[in-house]
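So you can see what is in the structure, the chains are spelled out below.
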Amino acid sequence: MWTDRPGVVPLLLRRMLLPLAFAAQAQAAGMAQVQTWTLDNGARVMFVESRALPILDVAVEFRAGSAFDPAERAGLAAMTQHLSRFGAGGLGEEDIARRLGEVGAQLSGRIDVDRAGFTLRTLATRPERTQALDMFARVVQQPDFPLPALERERTRIVTNLREEATRPAIVASRQFFAAAYGSHPYALRPLGDADGVRALTRDTIVDFRRRFYTGVSAVVSIVGDVSRAEAGEIARQVAGALPAGSVRPVPPAVPSLPAAQVRRVPHPSLQSHILLGMPAVSLSDPDYFALLVGNHVLGGGGFASRLTVEVRERRGFAYSVFSSLQPWLERGPFQVSLQTRRDQTDEALAVARSVLFEFLAKGPTEAELASARRNLVNGFPLRIDTNRELLDLVATIGFHDLPADWLAQWPKRVERVGREDVLRAFQRLDPQRLVTVVVGAADEPPPAPPLPHQQQPRLR
Amino acid sequence: MLRVSIPLRSRALLTGRLSMAALLLGTALLASGSTARPTVERVLDNGLKVVVREDRRAPVVASMLWYRAGSIDEVNGLTGLAHVTEHMMFRGTRRLADGEFSRRVAQLGGRDNAFTGRDYTAYHQQLAARDLATVFELEAERMASLVMQPEVFAREMQVVMEERRWRTDDRPRAALFEQLYATAFTAHPYRTPVIGWMNDLENLTIEDAREFYRRWYAPNNAVLVVVGDVEPEQVFRLAARHFGRVPARTLPRRAPQVEPEQRGTRRVAFQGAAQGPFLMLGFHVPVLRDAERDWEPYALEVLEAVLDASEVARLPRVLVRESRVAGSADASYEKFQRGPGLFVISAAPSEGRSVGELEAAIRAEIGRLAREGIAADELARAQTQLVAQHLFQQDSMFTQASRIGHAEMVGHSARVFDRFVARTRAVTAEQVREVARRYLVDDRMTVAVLEPTAPGQRKPSLPPRDTRHVD
């Protein structure tokens, strides 16, 4: 068993930093650039040649995440992705698994609100990668969705969903997204819900697949020990046979919340799980940089950030406390997250709210801001020091259609973020529209509505 | 990894085992030659061992300082102490203010953190290679000059208790795992959880933590591992400059605490707030002691892969897909341990199937394996997957440093990895059958069952009274 202090930079946030990091480093160190091109069917290819290890990583991702689920079939996108490996191109699931295993290759899937896709890691040497890519190409392009596998996986997933529904962290997350996104599809968990999954038929899956797994929607990312010419062949092999499709799907715009909401759900857990936040930002938002740097000061910057210092270090209220931004295609959430012993729920909540409101009202100090900018810029190399991270980076660049100059400008735009920018950008996080979720202790009265910041206890 | 200045196909960066991996996978990689730069090590006068592995793919470094001090070194009533000490290492020294360590690393754009296990505590930083001297200076400072303040300690204990609730108490399967170990081990300290029992945490004192630090945080009880864009001689010089000043100390005697042989199946039930039941089977098995001669640990690793390394491995194939008695099933085994080994099979019954049926099915599958052995292609696939994973791990400097440090903590040098591929490939089908036959048997087995308490029936589980108003 390993006990670790939790990573206070949430994974999703880190993911979004990758493209940025890469650009700056590439510029600074004269590193190889991402090479991009487009297949005949519209699939965008992102390639980074990396020769130091005989490893090849390939990802193919589509705009086919849970945001495209019909409301009554939550889980359709996830099932379509998940089921693809259980029979494809005329081979059964055992054949696929066996042939991948024979060459030591690893196939994994990915599903979130926007994206669905597949990742392959294989030895880059020719016999191994040929066999691995053959399997990968079938899974990506020719899934058969055999009925017995569907029936089995449907049952397993429903069981898993029911199991995770007992966990306070999952209950809190569901409540938060339901409150923050209402009837928008971002309200649903990417894995869906038990009723939706139970209702899935093979026809609905085949239809979803036909509509969303298209060339124009696809991004092929390749990192590893192959040449540009070889990468060209690989891209055609794993995505060239996809139908072109017509338009790239886009999730609906996220409406603004009309008012603050407080949801308290009783749960027998020893800790209350607390989430605060609201829809906030997409990656293409011009205020993204100001929000990124500001959030680093508030609760995204590890042990030096305000939330950690006030909630954890000074008061011992929580083991894990942080704030995060998830810049999705449409406005993804800003969230403050902590867990605390249930009998001190309201005290801890009050401290977290105070820190947040103080920050929204007054922003960071110049010193905090300088420190956050320095950490982000100096930390760039660490975000690209594995091929795996690079793969995630180029996949994100491709998926969000980020222009090359946007990337090149990134360090300067981080450096340029000033106090006024942060204050202005964080105005979108209106305390009068804040979603508060508490799962655990629910017997206490709901917290008072936010006070003007002058009346909040001073924390710093 | 992206720098064009690196010569193409610079296999010189890799160790010999990479080429070995390629050869054994039947590829032509060996043709590219192997002039590997070996992992190098040196012991300073004060006993601090320094291990360096060059990896020039990016201008960064992973630096880890490992202490041979984990929950195995705790005594009755003081469980969780190794981990509490880890937390306090961030909270001030003679020259560093509370939290300054992490702030200084953050200023450099670095990451830092730490983890505690049964056998060790490790502190790690990742940052630009040019800043390595700074983290050596900081680490040397807290190796020699930690200062624990009573009010800081009291607050940090609250954090640690929150961690226990977060990590274990509110996660029924984690709590079940704790019960499995508490039942499988009787005399050996592996019976206690790394995080510590809650009541022990409530009663730990600052003097306990100071004493633990004085006993174990000595250079001659530590190994410094550096992987990255560095020149080994320079790392040795830097290490000598910063850590060389810390005097060696006499380490306390370590009692072997050998676990008495288990005779007969042990069973434990645990009631937790879950939707469905869960099952864990733990078997006492050997770990790697004599790196030259022991073959069983390698056979057990192959067995683990045969059971769950892919969708086509035994447990998912037979239990999840064919009989559908399990919703999920996996196996785990760790051969690098200071204490005794436990081979663990974990599984959830599928809906409508009982935990008893599931246990019977798992034991039947183990029995078949012990009787009939495994097929040649099963063996080959498991070996190939292990070898490939071993290679894939070289993608991360942090993972490389972790593996080296982990091996060092249990008395093996980094050279143990040079033999990994050959030792794994040398395992025969008969040896896999033999370890299953010898060790995955009823008399060495502990069965732990999570009994779900229905949502309507369970009582709110409030913390004990004395923890409710501590501050």
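This one's a predicted model, so the numbers in the text were calculated from it and none came from an experiment.

Enquirer: Explain the domain arrangement of chain B to me, using residue names and the numbers behind them.
Expert: Residues and elements named next belong to chain B. Under the domain assignment used here, chain B contains domain 1 (38–243) and domain 2 (266–452). Computed from C-alpha coordinates alone, the two centres of domain 1 and domain 2 are separated by 28 Å. Each partner contributes residues to the interface: domain 1 has 41 residues there, and domain 2 has 40 residues. Regarding the contact of domain 1 and domain 2, the summed buried area is about 3,500 Å², with carbon and sulfur atoms giving 69% of it. When the buried surface of domain 1 facing domain 2 is broken down by residue, Arg-173, Leu-176 and Leu-180 rank first, second and third, together holding 18% of it. Measuring nitrogen to oxygen at the nearest pair gives 2.9 Å for the salt bridge that ties Arg-338 to Asp-73. Across the domain 1-domain 2 interface, the total number found is 14 residue pairs in polar contact (both at pLDDT 80 or more). For the side of domain 1 that touches domain 2, the secondary structure elements donating two or more residues are β2 (49–54), β3 (60–67), β5 (121–128), α6 (172–184) and β6 (222–228). Examining the composition of the side of domain 1 that touches domain 2, we find that 10 residues originate from one element, α6, more than from any other. When its residues are assigned to classes, the side of domain 1 that touches domain 2 shows 23 nonpolar, nine polar and nine charged.

Enquirer: Give a detailed account of the pairing of strand β11 (residues 445–452) of chain B, specifying residues and quantitative values.
Expert: Residues and elements named next belong to chain B. A large share of β11 lies buried, amounting to six of its eight residues. Relative to β11, strand β7 (residues 266–272) runs parallel, the two sharing seven bridges. Along β11, the bridge assignment pairs Gln-271 with Glu-451. Sheet analysis places strand β8 (residues 278–285) next to β11, joined by six bridges and oriented antiparallel. By the bridge assignment for β11, Phe-283 is matched with Met-445.

Enquirer: Describe the confidence of the model for chain A, with residues and values.
Expert: Residue and element names in this part refer to chain A. Mean pLDDT over chain A stands at 89; residues scoring 70 or higher make up 88%. Every residue in residues 1–32 is under pLDDT 50, and counting partners more than four places away or in other chains gives 112 contacts. Under a pLDDT of 50 for its full length, residues 449–460 has, in the predicted model, 22 contacts with residues more than four places off or in other chains.

Enquirer: Give me unusual backbone geometry: which residues, what numbers.
Expert: Glycine aside, residues mostly have negative phi, and peptide bonds are mostly found in the trans state. Even without being glycine, Phe-145 of chain A reaches a positive phi, approximately 45°. Following the sequence through the fold, Phe-145 of chain A ends up in the loop between α4 (126–141) and α5 (147–164). A relative accessible area of 2% places Phe-145 of chain A in the buried class. Of note, Gln-257 of chain B is a non-glycine position whose phi angle comes to about 50°, a positive value. The topology assignment puts Gln-257 of chain B in the loop between α9 (232–243) and β7. With a relative accessible area of 33%, Gln-257 of chain B lands in the partly exposed category.

Enquirer: Describe the packing of helix α10 (residues 296–308) of chain B against helix α11 (residues 314–322) of chain B, listing the residues and the values that go with them.
Expert: Residues and elements named next belong to chain B. Interhelical geometry of α10 versus α11 gives an angle of 35° and a closest axis separation of 3 Å. Taking contact as the criterion, the partners of Val-306, Leu-307 and Asp-308 in α10 are, on α11, Arg-314, Leu-315 and Pro-316. Among the residues forming the contact of α10 with α11, the class breakdown is four nonpolar, no polar and two charged.

Enquirer: Just give me the short version of the pattern of salt bridges, but keep the residues and values in it.
Expert: Within this structure, the stated rule accounts for 79 salt bridges over all chains. The salt bridge partner of Glu-156 of chain B is Arg-312 of chain A, with a shortest N-O separation of 3.6 Å. Remark: Arg-312 of chain A occurs in helix α11 (residues 306–313) and Glu-156 of chain B occurs in helix α5 (residues 150–169); the pair is interchain, linking two chains. Each member of the pair Glu-156 of chain B and Arg-312 of chain A is classed as buried. Residue Asp-98 of chain B is joined to Arg-91 of chain B by a salt bridge in which the shortest nitrogen-to-oxygen separation is 2.8 Å. What you see here is one network of salt bridges that share partners, running through Glu-93, Glu-94, Asp-95, Arg-98, Arg-152, Glu-153 and Arg-156 of chain A together with Glu-311 and Arg-321 of chain B.

Enquirer: Please set out the sheet that holds strand β12 (residues 435–440) of chain A residue by residue, giving values where relevant.
Expert: Residue and element names in this part refer to chain A. Taken in spatial order, the five strands of this open sheet run β8-β12-β9-β11-β10, and their pairing is mixed. The open sheet has two edge strands, β8 (261–266) and β10 (321–325), and neither has a second partner. If you compare each strand with its neighbour and ignore which way they point, the axes differ by 15° on average. Alignment of strand β9 (residues 271–281) against strand β11 (residues 332–341), held across 10 bridges, turns out to be antiparallel. In the strand pairing of β11, Leu-275 is matched with Ser-337.

Enquirer: If you had to explain the packing of α5 of chain B against α6 of chain B to someone new, which residues and values would you point to?
Expert: All names here are of chain B. Two elements in contact, α5 and α6, have axes whose closest approach is 7 Å; the angle formed by their N-to-C orientations is 90°. Taken as axis vectors, α5 and α6 run roughly perpendicular relative to one another. In this structure, α5 contributes Arg-164, Arg-167 and Thr-168 to the contact, and α6 contributes Ala-174, Ala-175 and Glu-178. Partitioned by chemical class, the residues of the contact of α5 with α6 number two nonpolar, one polar and three charged.

Enquirer: Report on the sheet that holds strand β4 (residues 55–63) of chain A, specifying residues and quantitative values.
Expert: Residues and elements named next belong to chain A. Reading across from one edge, β2-β3-β7-β4-β6-β5 is the order of the six strands in this open sheet, with mixed pairing throughout. Whereas interior strands pair on both sides, the edge strands pair on one side only; in this sheet they are β2 (35–38) and β5 (106–111). Across the sheet, the mean angle from the axis of one strand to that of its neighbour is 15°, orientation sign disregarded. Pairing geometry for strand β3 (residues 44–49) and strand β7 (residues 218–224), over six bridges, is parallel. Across the sheet, Val-48 pairs through a bridge with Val-223, a residue of β7. The strands touched by helix α14 (residues 387–399) are β3, β4, β5, β6 (115–123) and β7; relative to β7, the strand with the most contacts, the crossing angle is about 155°.

Enquirer: Help me get a handle on the packing of aromatic side chains, residues and values and all.
Expert: Throughout the structure, instances matching the rule amount to 28 aromatic pairs over all chains. Aromatic side chains Tyr-181 of chain A and Tyr-186 of chain A sit 5.7 Å apart centroid to centroid with 75° between the ring planes, which places their arrangement in the edge-to-face category. Both residues of the pair, Tyr-181 of chain A and Tyr-186 of chain A, count as buried. With a centroid separation of 5.9 Å and an interplanar angle of 80°, the aromatic rings of Tyr-67 of chain B and Tyr-123 of chain B are classed as edge-to-face. Within this pair, whereas Tyr-67 of chain B is found in strand β3, its partner Tyr-123 of chain B is found in strand β5, the two being separated by 56 residues in sequence. Across the pair, exposure class does not vary: Tyr-67 of chain B and Tyr-123 of chain B are buried alike. Chaining the aromatic ring pairs together yields one cluster made of Phe-303 of chain A together with Tyr-67, Phe-90, Phe-101, Tyr-123, Tyr-213 and Tyr-217 of chain B. Against the face of Phe-399 of chain A rests Arg-63 of chain A, its NZ or CZ located 5.5 Å from the ring centre. Sitting above the plane of the Trp-166 of chain B ring, Arg-171 of chain B keeps its charged end 4.7 Å from the centroid.

Rules and cut-offs
Residues numbered from 1 in each chain as written. Chains lettered and ligands numbered in written order. Predicted model: local features only at pLDDT ≥ 70, side-chain atom pairs only at ≥ 80, totals over all residues. Heavy atoms only, no water. Domains from an automatic or database assignment. Contact = heavy atoms within 4.5 Å. Buried area = accessible area lost by both parts, 1.4 Å probe. Salt bridge = Lys/Arg side-chain N within 4 Å of Asp/Glu carboxyl O. Polar contact = N/O pair within 3.5 Å; in protein donor to acceptor, adjacent residues only side chain to side chain. Helix = DSSP H or I, 4+ residues; strand = E, 2+ residues; numbered from the N terminus. Nonpolar A, V, L, I, M, F, W, Y, C, P; charged D, E, K, R; others polar. Buried < 20%, exposed > 50% of the residue type's maximum accessible area, 1.4 Å probe, protein only. Pairing = 2+ DSSP bridges. pLDDT = per-residue confidence, 0-100. Axes fitted to C-alpha atoms, helices over the stretch in contact; angles between N-to-C directions. Parallel < 35°, antiparallel > 145°, perpendicular 65-115°, else oblique. Phe/Tyr/Trp six-rings, centres within 6.5 Å; stacked < 30°, edge-to-face > 60°. Lys NZ or Arg CZ within 6 Å of the ring centre and 35° of its normal.

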